[in-house]
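# Summary of the model geometry
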Amino acid sequence: METVFRPVAAHGASTQFAEAIGDGFRPDRDHDAFWRLVGGERLVHIHDMAEVAARVPEDPMPRALVDLAGIRTELIVPLREDRSLLGAITANRKEVRPFADKEIALLQNFAAQAVIAMENARLLTETREALEQQTATAEILQVINSSLGDLTPVFDTMLEKAHALCGAESGTLRVFDGKYFRAVATHGLAGESADFLLQPFRPTAGSLEERLMQGEALIHVPDIAASDSTRPRMRAAVQAGFRTLLFVPLRKDAALIGHITALRREVRPFSDNKIAAAEFRGAGGHRDGERAAPD
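Below: a short report on this structure. Remember, it's a predicted structure, so these values are computed and weren't measured experimentally.

### Here's the deal with the overall build of the protein chain
- Along the protein chain, the regular secondary structure elements total ten helices and eight strands.
- Whereas a compact globule of 295 residues would reach a radius of gyration of roughly 19 Å, the protein chain reaches 25 Å, over 25% beyond that.
- Along the first, second and third principal axes, the C-alpha set of the protein chain runs to 75 × 40 × 35 Å.
- Taken over 295 residues, the protein chain has a buried fraction of 39%.
- For the protein chain, long-range pairs separated by at least 24 residues make up 58% of all intrachain contacts whose partners lie at least 6 apart in sequence.
- Accessible surface for the protein chain amounts to roughly 16,600 Å². Of this, 52% is attributable to carbon and sulfur atoms.
- With 35 positive and 42 negative side-chain charges, the protein chain shows a spacing of 1 Å between the two charge centroids.

Right, dumping it as structure tokens:
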């Protein structure tokens, strides 16, 4: 798994340096101070960043710290929960003046408090998401009870709630009769490419739908354009402006009876929490195997 550090708060950083690391950075395994935290070090204390920049010119980060941010002394304290590295707090000085033991202990205390705050935020998020799923399920049951056999509002509500919970912009709910997939609810689709995506179709060999028929628990394509977009339906999705795709099967026992499609217009893969949210109805959907790799 790729290791990336992304800034979530900054103080006193120059505009140039903030822009340079705004999207995050990947630590160099041979030289970077942050990689030492990944390796388990309890802290990293660099007395003179200019010396580091001169010693390892192949690593651009120390030179950027000196030239763009004016940093000379740096202290990096990890944020850890048990043995898992969650992030780090850095303290910088624009002069060569190492931090005293008491100052290091103080920053470590702040790091411990930050880990507690992150864990509390995670628990609150999980509680909120659980309540949202319970509310969505209750609303769907209410629609089912009031539909008098008309499945259209049920399908529309299921798709709306699934997309809201997983953070999808568009998609469909399709049913499968054993031969054809047919869209019975849609959200956020328009234009010629969208019209093509909504047409009934038979699954072809190697298609995403066939993979669901063969029992895959779900299909997640982080970037449709980088996958096998030569297939007509995948190509139509790209032409309609979609980049990330999630298929969640609807099953009764082991039989595939349809699927929910969730689409995003940017390359932004669905997190495990969002995927679980898309499966909130269960719909007989079982995770019998590994999560499918992107096409």
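### Section: the pairing of strand β2 (residues 73-81)
- Extensive coverage of β2 is indicated by the burial of seven of its nine residues.
- Of the pairings in the sheet, the one linking strand β1 (residues 44-46) to β2 comprises three bridges and is antiparallel in character. Of the residues in β2, the one forming a bridge with His45 is Leu75.
- From the end of β2 to the start of strand β3 (residues 84-93), which pair antiparallel, there are two residues, and Asp82 there has a positive phi angle of about 55°.

### Concerning the sheet that holds strand β8 (residues 255-264)
- Read from one edge to the other, the open sheet built from five strands follows the order β5-β4-β8-β7-β6, with strand pairing classed as antiparallel. The open sheet has two edge strands with one neighbour each: β5 (181-187) and β6 (219-221). Each strand axis lies, on average, 15° off the axis of its neighbour in the sheet, ignoring direction.
- Sheet topology note: the strand β7 (residues 244-252)/β8 ladder contains nine bridges and is antiparallel. Across the sheet, residue Leu246 finds its bridge partner in β8, namely Ala262.
- The sheet strands contacting helix α6 (residues 152-166) are β4 (170-176), β5 and β8, and the helix crosses β4 at an angle near 135°.

### As for the side chain of His259
- On the secondary structure map, His259 appears in strand β8.
- For His259, the side chain forms a polar contact with the side chain of Thr261, separated by 3.2 Å.

### Some words on helix α9 (residues 232-239)
- Within α9 the residues assigned to the buried category are Arg233, Met234, Ala236 and Ala237. The buried side chains of α9 occupy one side of the element, clustering within an arc of 160° when seen end-on.
- Once α9 finishes, Gly241 follows within two positions and takes phi at roughly 95°, a positive value.

### With respect to the sheet that holds β3
- The strand order across the open sheet formed by three strands is β1-β2-β3, and the pairing between neighbours is antiparallel. The open sheet has two edge strands, β1 and β3, and neither has a second partner. For this sheet the average axis-to-axis angle between neighbouring strands, irrespective of direction, equals 15°.
- Pairing geometry for β2 and β3, over nine bridges, is antiparallel. Note that in β3 the partner of Val77 across the bridge is Ile89.
- Strand contacts of helix α5 (residues 101-146): β1, β2 and β3, with the helix running at about 35° to β2, the strand carrying the most contacts.

### Re the packing of α5 against α6
- Interhelical geometry of α5 versus α6 gives an angle of 170° and a closest axis separation of 9 Å. The angle between α5 and α6 falls in the class roughly antiparallel. Contacts from Glu132, Gln133, Ala136, Glu139, Ile140, Val143 and Ile144 of α5 reach α6 at Pro153, Val154, Thr157, Met158, Lys161 and Leu165.
- A breakdown of the residues in the contact of α5 with α6 according to their chemical character gives eight nonpolar, two polar and three charged.

### Considerations on the pattern of salt bridges
- In the structure shown here, the tally under the stated rule is ten salt bridges.
- Arg36 serves as the salt-bridge partner of Glu41, at 3.2 Å between the closest nitrogen and oxygen.
- In this structure Glu41 comes out as partly exposed when scored by relative accessible area, which is 33%.
- In this structure Arg36 comes out as partly exposed when scored by relative accessible area, which is 35%.

Rules used in this analysis
Residues numbered from 1 in each chain as written. Predicted model: local features only at pLDDT ≥ 70, side-chain atom pairs only at ≥ 80, totals over all residues. Heavy atoms only, no water. Helix = DSSP H or I, 4+ residues; strand = E, 2+ residues; numbered from the N terminus. Rg over C-alpha atoms; globule rule 2.2 N^0.38 Å. Buried < 20%, exposed > 50% of the residue type's maximum accessible area, 1.4 Å probe, protein only. Contact = heavy atoms within 4.5 Å. Areas by Shrake-Rupley, 256 points an atom, 1.4 Å probe, with all protein chains shown as cover. Lys, Arg positive; Asp, Glu negative; His and termini not counted. Charge placed at Lys NZ, Arg CZ, Asp CG, Glu CD. Pairing = 2+ DSSP bridges. Axes fitted to C-alpha atoms, helices over the stretch in contact; angles between N-to-C directions. Polar contact = N/O pair within 3.5 Å; in protein donor to acceptor, adjacent residues only side chain to side chain. Arc of directions from axis to C-beta. Parallel < 35°, antiparallel > 145°, perpendicular 65-115°, else oblique. Nonpolar A, V, L, I, M, F, W, Y, C, P; charged D, E, K, R; others polar. Salt bridge = Lys/Arg side-chain N within 4 Å of Asp/Glu carboxyl O.

Everything listed is a geometric property; what it means functionally is a separate question.
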